[in-house]
Amino acid sequence: MRVLVVEDDFDLSGALMRLLTRRGFLATHCGDATSALQALQQSAFELVVLDLGLPGMDGLQLLQRLRDRGHRMPVLVLTARGGVGDRVAGLNIGADDYMGKPFDPDELEARLRALARRAGFQDEP
């Protein structure tokens, strides 16, 4: 299952890439919204893991653009913005799930697999 990880923190993105790869995902990383948009034009992804605090274009703006352009793949927001207002805004714009940082790796994997199942993707752990 192909996952696009959009995260600007170098250390965290590296850890996420290693975690997802070890758990059987084919992960691609982008450090900002512009490169994420380019990656989505060039390749098909089943899932997106999206940070909100990105340089340049904010993650919520990126999510809005994705939905406006017809991208319907599940998006899990993974961010330090964990307040109720932030979660509501993210879900209302089009996020399919929302997790705060720090996060539990097992929970992240379970949520991604659940999103994939709901989207109709065959999932093999």
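Draft legend 1. The arrangement of helix 1 (residues 10-22) in detail. With 13 residues, helix 1 should reach 18 Å at 1.5 Å per residue; the first-to-last C-alpha distance of 18 Å fits that figure. Regarding helix 1, the residues found buried are Ser13, Gly14, Leu16, Met17, Leu19 and Leu20. Those residues of helix 1 that are buried are in contact with strand 1 (2-6), strand 2 (26-30), strand 4 (75-79) and helix 5 (105-118). Its side-chain oxygen placed 3.1 Å from the backbone nitrogen of Asp11, Asp9 serves as the N-cap of helix 1.

Draft legend 2. Broad picture of the pattern of salt bridges. Summed over the entire model, instances satisfying the criterion amount to nine salt bridges. Its salt-bridge partner being Asp51, residue Lys101 comes within 3.4 Å of it at the nearest N-O pair. Taken together, the positions of Lys101 in the loop between strand 5 (97-100) and helix 5 and Asp51 in the loop between strand 3 (47-50) and helix 3 (59-68) put the pair 50 residues apart, joining distant regions of the chain. On the accessibility criterion, Asp51 (5% relative accessible area) is buried. Note that Asp97 and Arg111 form a salt bridge whose closest N and O atoms lie 2.6 Å from each other. Taken as a pair, Asp97 in strand 5 and Arg111 in helix 5 lie far apart in primary sequence, 14 residues in all. Residue classification places Asp97 among the buried positions, given a relative accessible area of 13%. In the salt-bridge network here, residues are joined through shared partners; they are Arg23, Asp106, Glu109 and Arg113.

Conventions we followed
- Residues numbered from 1 in each chain as written.
- Predicted model: local features only at pLDDT ≥ 70, side-chain atom pairs only at ≥ 80, totals over all residues.
- Heavy atoms only, no water.
- Helix = DSSP H or I, 4+ residues; strand = E, 2+ residues; numbered from the N terminus.
- Expected span 1.5 Å × (residues − 1).
- Buried < 20%, exposed > 50% of the residue type's maximum accessible area, 1.4 Å probe, protein only.
- Contact = heavy atoms within 4.5 Å.
- Polar contact = N/O pair within 3.5 Å; in protein donor to acceptor, adjacent residues only side chain to side chain.
- Salt bridge = Lys/Arg side-chain N within 4 Å of Asp/Glu carboxyl O.

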